[in-house]
Amino acid sequence: MDKNTNKNYKVLVTPTSVNPNAKSPTMARLRAFAGELTFNPTGRPLGGRALSELLRGRDGVVAGLDDYSGDVIRECAATGLKVISRYGSGYDNVDIGAARECGVAVCYTPGANAEAVADLAFGLMLCAARRLPMLDRRTKAGEWARSIGTELYGKTIGIVGLGAVGKGVARRALGFSMRVLAYDTMLDLDFMRANGIVAVAFGELIAASDFITLHLPLNSSTRHIINGDVLGAVKQGAVLINTARGGLIDEAAAYEALVSGRLGGLGLDAYEQEPPPAASPLFGLDNVVLTPHTGAHTVEATGNLLEMSVANLIDVLSGRPCRNTVKCIT
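A brief report on the enclosed structure follows. (Residues numbered from 1 in each chain as written. Predicted model: local features only at pLDDT ≥ 70, side-chain atom pairs only at ≥ 80, totals over all residues. Heavy atoms only, no water.)

**Thoughts on the environment of Thr-213**
Then comes step 1: Topologically, Thr-213 is positioned in strand S9 (residues 211-214).
Then comes step 2: Taking C-alpha positions, Thr-213 is 36 Å from Leu-54, a pair spaced 159 residues apart along the chain.
Then comes step 3: Each residue touching Thr-213, except ones within four places of it in the same chain, is listed here: Ala-121, Ile-157, Gly-158, Ile-159, Val-160, Val-169 and Ile-241. (Helix = DSSP H or I, 4+ residues; strand = E, 2+ residues; numbered from the N terminus. Contact = heavy atoms within 4.5 Å.)

In structure tokens, the structure reads:
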């Protein structure tokens with residue numbers, strides 16, 4: 001049993017994949033720790049006034065893909081907020097500077113959903129390469145459509161960001177006898193040597209890859225890392241996959257590359273605007289496969305994410321060291 005459970009902590013839980021009625025040991029632990037537990041009633045990520053109204057007066061939050069702006073953090077820190085415990089490995093939606101300024105700890109869950117996201121990235125590659133959603137839709141409509149796709153077997157895959165998810169994709173690609181190229185500012189050379197992965201410059205990866213998959217955080221240096229100029233240099237007919245953050249791709253430029261045939265396919269689980277606008281031109285293309293930021297939505301991953309994010313939150317509020325705080329990252 002956690003100490004200090006009589007302090008009547010007030011905790012908000014916002015991830016849309018967390019079931020408020022779940023009977024898991026992790027939820028039982030959180031309920032035992034928090035005297036007052038509130039959940040996101042909207043079914044979608046929060047931001048601005050909607051977030052601050054729910055977060056005001058809370059000691060901590062198990063945080064989904066909400067927008068923790070500086071204004072929200074400052075306002076809620078003044079009413080007692082002590083920790084933002086991200087239910088995920090990224091924290092680009094949190095104003096880290098404002099959190100530090102206000103003494104609010106920010107935690108994350110590295111690796112908790114890596115296998116689930118790697119699965120989805122590979123699934124999107126297969127679906128985009130063979131246009132499976134379109135064929136499924138037309139077959140169910142009574143048509144007997146024909147579509148010429150491309151194989152993954154023996155092709156070259158370029159992995160941009162060789163962290164936990166990127167490594168998972170690399171392992172899967174090796175099972176398809178793919179040549180694996182990787183670009184990252186910090187590479188695990190032991191992993192690469194053990195698996196025959198080749199380190200290349202970003203431009204070389206773009207020009208040489210039949211499949212390009214993105215596994216990067218979103219920041220000022222990675223925003224629109226895939227833009228019109230980069231897309232003009234991709235291999236003709238290449239397939240582009242993004243299961244990381246939407247701002248990594250200039251979607252307007254990607255649309256133009258798809259229409260021109262420069263890109264052969266696109267698979268997205270993350271968007272510049274979430275949910276994407278109903279009028280997005282990407283919706284009308286058969287070589288585009290779209291999923292609703294669902295990379296972490298497996299039984300295994302959601303369990304891992306909840307367990308780690310709750311443990312991080314309890315550690316911080318209990319005054320114990322938490323090794324998954326962003327402040328510990330250099």
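**Here's the deal with the sheet that holds strand S8 (residues 198-199)**
Then comes step 1: Spatial ordering of the open sheet is given by S8-S7-S6-S9-S10-S11-S12, a layout of 7 strands whose pairing is parallel. Each of the sheet's edge strands pairs with one partner strand only, and the pair in question is S8 and strand S12 (288-290).
Then comes step 2: Relative to S8, strand S7 (residues 179-183) is paired through 2 bridges, and the arrangement is parallel. Bridge pairing links Ala-182 to Ala-199 in S8.
Then comes step 3: In the packing of helix H7 (residues 164-175) onto the sheet, the strands contacted are strand S6 (156-160), S7 and S9, and the crossing angle to S6 comes to about 170°. (Pairing = 2+ DSSP bridges. Axes fitted to C-alpha atoms, helices over the stretch in contact; angles between N-to-C directions.)

**Some words on the pairing of S6**
Then comes step 1: In terms of burial, S6 is a largely internal element, 5 of the 5 residues being buried.
Then comes step 2: The alternating pattern of S6 places Thr-156, Gly-158 and Val-160 on one face and Ile-157 and Ile-159 on the opposite face, and all of these are buried.
Then comes step 3: Looking at chain direction, S6 and S7 are connected through 5 bridges and run parallel. Paired with Thr-156 across the strands is Arg-179, a residue of S7.
Then comes step 4: Regarding the hand of the β-α-β motif, the stretch spanning S6, H7 and S7 is right-handed.
Then comes step 5: In terms of strand pairing, S6 meets S9 through 4 bridges, oriented parallel. Bridging across to S9, Val-160 finds its partner in Leu-214. (Buried < 20%, exposed > 50% of the residue type's maximum accessible area, 1.4 Å probe, protein only. Right-handed = clockwise from strand over helix to strand, strands pointing away.)

**Some thoughts on the sheet that holds strand S3 (residues 60-63)**
Then comes step 1: In space, the 5 strands of this open sheet follow the order S2-S1-S3-S4-S5, with parallel pairing throughout. The open sheet terminates on both sides in strands that have one partner only, identified here as strand S2 (34-39) and strand S5 (105-107). Within this sheet the neighbouring strands show an average axis-to-axis angle of 15°, counted without direction.
Then comes step 2: Two elements, strand S1 (residues 9-13) and S2, share 5 bridges in a ladder whose sense is parallel. The partner of Tyr-9 across the bridge, within S2, is Ala-34.
Then comes step 3: Packing against the sheet, helix H1 (residues 25-33) makes contact with S1 and S2, and its axis sits at approximately 120° to S2.

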